[in-house]
Amino acid sequence: MSWKELEEAAVVKGGTSAGYIVSGWRVKRPVIDEAKCTNCLICWIYCPEPAIVRHEGTKVTIDYDHCKGCGICETECPPKAISMVREP
Amino acid sequence: MTQTQAFSVAALQGDEAVAEAVRQSDVDVVAAYPITPQTIIVEKLAEFVADGRFKGEFIPVESEHSAMSACVGAAATGARVFTATSSQGLAYMHEMLYNASGMRLPIVMAVANRALSAPLVLNADHGDMMGSRDSGWIQVYAENVEEVYDRTIQLFKLSEDPRVMLPSTISFEGFIISHDKERVRLLDEGAIKRFLGRPAPKHRLDPNQPLTFGAIANPDNYFEFKMQQAQAMKNALAVFREVEDGFEAFSGRRYGAVDSYSTENADRVVVANGCSAGTMRAAARALNAAGEKVGVLTIRLYRPFPAEEVVAGLRNAKAIVTMDRSFSLGAPSGPISEDVKSALKGAGLGTPVMSLVYGIGGRDLSVDDGKKIFGMARDEDQFTATQALYGVKG
């Protein structure tokens, strides 16, 4: 973007991070093996971003728009249901 | 020049004049920490608060880092904000200086110059200001108490202009000006307030409409934000002139970004700033009375650098001496010298320039020293590629 178009002083409105897509930051993406997942929510607790999504009645899923690919969920998952897979 | 009002005359120290200007300028927040030789400013403002003569918020913070941080927060709400410091205090503010300028906050700061420790010294050189030269702040250097008073008022107008929105510094030598009592023609408070108006920033912090100032930039746009600041600096050159027009209209006083004293027909011209400019003019006056042809170019506005006006004042000179009251160790010459040489080169002028460093740590410069410096400029051998240290012992 040209310097003439940017908002001066890098001022942004509050609550904009939900619309900020960070998927491009990832080298690897977490993939859940639903058969092994016990829905214990350990990944949901440890995830530093709101990238693990809870659901009523079904198991957790991943919000890939807000997952930066840190891999903490893979490390912490007790039944080893999450594996980091290289982005294509 | 037309004088459109009656002045009240007072004998004030430089620091007192700053405090008086701040009191009269409808300032909302002052966050400051005392440090010699700026202390009187903070003391005086505290006194005004105690006496009910200053209605703004006075925040006695615990350090200069906090002072500038509080100023940043206050200015982001759209308040008119002032602080003051010296030397180590300015150094301690250093990282916050960049936040103030990057967030485009029109804070005004007074700096009573003092050389940096170690070894500890209380007296003036411009080392403190030059250390923050590249922080995106407007820098103005004053040479007497009345100019300090006038510039403090003017800088609110300049900084708050929508085309500028940059913080600014009024700089003056510690003790020589900060503690020297001089005659000041104080202006009418109502006239000052009419001249200044109120800050009207595009963005301001408001609990009902949350904003983030200075949010993250990545390599794909940080450069462009800096370009905006550079453009604002460029705008400030023109706005500076407008502010002086407006100020002159009600005060009858004007200084210019650059002052040329008998440079028209001079074969030798000295470039100086701060209080030494007056000393050099006194020396030039004496020499010219004795038939010599010398002049003095005073750089009052240093950032943004008024290159065109500097070149205009130096165009006829056969030899130029630049005087830096700061010692950039290991550099080919002082910062003012390098800027002047760069401006000359850019204008296609190859005039020989002698780069002097003088007055470090408050070492005095007398009118006799000034005459000696003009004398040195007669000697071609003195014009070497390296800087000369004027007045160093040994």
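Values in this document were obtained by computation on a predicted structure and should not be read as measured data.

(A) Quick look at the overall build of chain B. Within chain B one finds 13 helices and 16 strands. In summary, chain B has a C-alpha radius of gyration of 21 Å against a globular reference of 21 Å for 394 residues, a match within 12%. Seen along its three principal axes, the alpha-carbon backbone of chain B occupies a region of about 70 × 55 × 45 Å. Counting every atom, chain B has about 15,800 Å² of accessible surface; 52% of that belongs to carbon and sulfur. Chain B carries 40 positive and 48 negative side-chain charges, and their two centres are separated by 3 Å.

(B) Representation of the overall build of chain A in the model. Secondary structure summary: chain A contains two helices and five strands in total. Reading the secondary structure of chain A in the N-to-C direction produces β-β-α-β-β-α-β. Against the 2.2 N^0.38 benchmark of 12 Å for 88 residues, chain A shows a C-alpha radius of gyration of 16 Å, more extended than a compact globule. With respect to the principal axes defined by its C-alpha atoms, chain A has extents near 50 × 30 × 15 Å. When the 88 residues of chain A are sorted by exposure, 26% land in the buried category. Of all intrachain contacts in chain A linking residues separated by at least 6 positions in sequence, the fraction that spans at least 24 positions is 65%. Accessible area of chain A: about 5,800 Å², with a carbon and sulfur share of 55%. Of the side chains in chain A, 11 bear a positive and 12 a negative charge, and the two mean positions are spaced by 5 Å.

(C) Here's a closer look at helix H5 (residues 94-102) of chain B. All names here are of chain B. Along H5, the positions that sit buried rather than exposed are Met-96, Leu-97, Ala-100 and Ser-101. Buried residues of H5, seen end-on, are gathered within an arc of 140° and therefore sit on one face of the element. The first or second residue beyond H5 is Arg-104, which carries a positive phi of 60°.

(D) Spotlight on a nonpolar patch on the surface. Residues and elements named next belong to chain B. There is a patch of nonpolar side chains on the surface, built from Phe-327, Leu-329, Ile-360, Leu-389 and Val-392 and spanning about 460 Å² of accessible area. Mapped onto the elements of the fold, Phe-327 is located in the loop between strand S14 (319-324) and helix H12 (335-346). Look at Phe-327 and you get partly exposed, because its relative accessible area is 36%.

(E) Up close: the interface of chain B and chain A. Taken together, the contact pairs 18 residues of chain B with 13 residues of chain A. Interface area for chain B against chain A, summed over the two sides, is near 1,500 Å², with a carbon-plus-sulfur share of 62%. The largest contributions to the chain B side of the interface with chain A come from His-203, Phe-225 and Gln-228 of chain B, which together make up 30% of the buried area. Where chain B meets chain A, there are two salt bridges. Applying the counting criterion to the chain B and chain A interface returns nine residue pairs in polar contact (both at pLDDT 80 or more). Of all the secondary-structure elements, those providing two or more residues to the side of chain B that touches chain A are strand S9 (211-212) and helix H9 (222-251) of chain B.

(F) Molecular detail of the sheet that holds strand S6 (residues 138-141) of chain B. Residues and elements named next belong to chain B. Strands sit in the order S3-S2-S4-S5-S7-S6-S13 across an open sheet of seven strands; the sheet is mixed. Each edge of the open sheet carries a strand with a single partner, namely strand S3 (57-60) and strand S13 (301-303). In this sheet, adjacent strand axes meet at a mean angle of 20° when their direction is disregarded. Strand direction decides the pairing type here: strand S5 (residues 108-113) and strand S7 (residues 168-173), joined by six bridges, are parallel. Across the sheet, the residue bridging to Met-109 is Thr-169, located in S7.

(G) Representation of the packing of aromatic side chains in the model. Residues and elements named next belong to chain B. As enumerated under the stated definition, the model contains five aromatic pairs over all chains in all. A centroid spacing of 6.1 Å and a plane angle of 80° characterise the contact between Tyr-141 and Tyr-302, whose relative ring orientation is edge-to-face. With a gap of 161 residues between them, Tyr-141 in strand S6 and Tyr-302 in strand S13 connect regions that are remote in the sequence. When sorted by exposure, Tyr-141 lands in the same class as Tyr-302, which is buried. Aromatic ring contacts, followed pair by pair, group Tyr-141, Tyr-302 and Phe-305 into a single cluster.

(H) Here's a closer look at the side chain of Ser-337 of chain B. Residues and elements named next belong to chain B. In this structure, Ser-337 sits in helix H12. Relative accessible area serves as the criterion here: at 0%, Ser-337 is assigned to the buried category. Once you skip the residues sitting within four places of it in the chain, Ser-337 turns out to touch Thr-322, Asp-324, Val-353 and Ser-355.

(I) Up close: unusual backbone geometry. A cis amide bond links Thr-36 of chain B to the next residue, Pro-37 of chain B, at an omega of 5°. For the bond from Ser-117 of chain B to Ala-118 of chain B, the omega torsion is 5°, close enough to zero to count as cis. One can find Ala-118 of chain B in the loop between S5 and helix H6 (127-131). Here Ala-9 of chain A, not a glycine, exhibits a phi torsion of approximately 65°, which is positive. For Ala-9 of chain A, the position within the fold is in the segment before strand S1 (12-13). Non-glycine residue Ala-10 of chain A carries a positive phi angle of around 50°. By the element assignment, Ala-10 of chain A lies in the segment before S1.

(J) Layout of the environment of Lys-345 of chain B. Residues and elements named next belong to chain B. For Lys-345, the position within the fold is in helix H12. Accessibility expressed as a relative area gives 66% for Lys-345, which makes it exposed. Taking C-alpha positions, Lys-345 is 36 Å from Ser-178, a pair spaced 167 residues apart along the chain.

(K) Structural detail: the pattern of salt bridges. Taken as a whole, this structure holds 33 salt bridges over all chains when the rule is applied. Lys-202 of chain B is the partner of Glu-7 of chain A in a salt bridge, and the nearest nitrogen-oxygen pair spans 2.9 Å. Here Lys-202 of chain B lies in the loop between helix H8 (189-196) and S9 and Glu-7 of chain A lies in the segment before S1, a pairing that spans two chains. A relative accessible area of 66% places Lys-202 of chain B in the exposed class.

Parameters and conventions
Residues numbered from 1 in each chain as written. Chains lettered and ligands numbered in written order. Predicted model: local features only at pLDDT ≥ 70, side-chain atom pairs only at ≥ 80, totals over all residues. Heavy atoms only, no water. Helix = DSSP H or I, 4+ residues; strand = E, 2+ residues; numbered from the N terminus. Rg over C-alpha atoms; globule rule 2.2 N^0.38 Å. Areas by Shrake-Rupley, 256 points an atom, 1.4 Å probe, with all protein chains shown as cover. Lys, Arg positive; Asp, Glu negative; His and termini not counted. Charge placed at Lys NZ, Arg CZ, Asp CG, Glu CD. Buried < 20%, exposed > 50% of the residue type's maximum accessible area, 1.4 Å probe, protein only. Contact = heavy atoms within 4.5 Å. Arc of directions from axis to C-beta. Patch = residues over 30% accessible without salt bridge, like charges linked within 9 Å, V, L, I, M, F, W, Y side chains within 5 Å. Salt bridge = Lys/Arg side-chain N within 4 Å of Asp/Glu carboxyl O. Buried area = accessible area lost by both parts, 1.4 Å probe. Polar contact = N/O pair within 3.5 Å; in protein donor to acceptor, adjacent residues only side chain to side chain. Pairing = 2+ DSSP bridges. Axes fitted to C-alpha atoms, helices over the stretch in contact; angles between N-to-C directions. Phe/Tyr/Trp six-rings, centres within 6.5 Å; stacked < 30°, edge-to-face > 60°.

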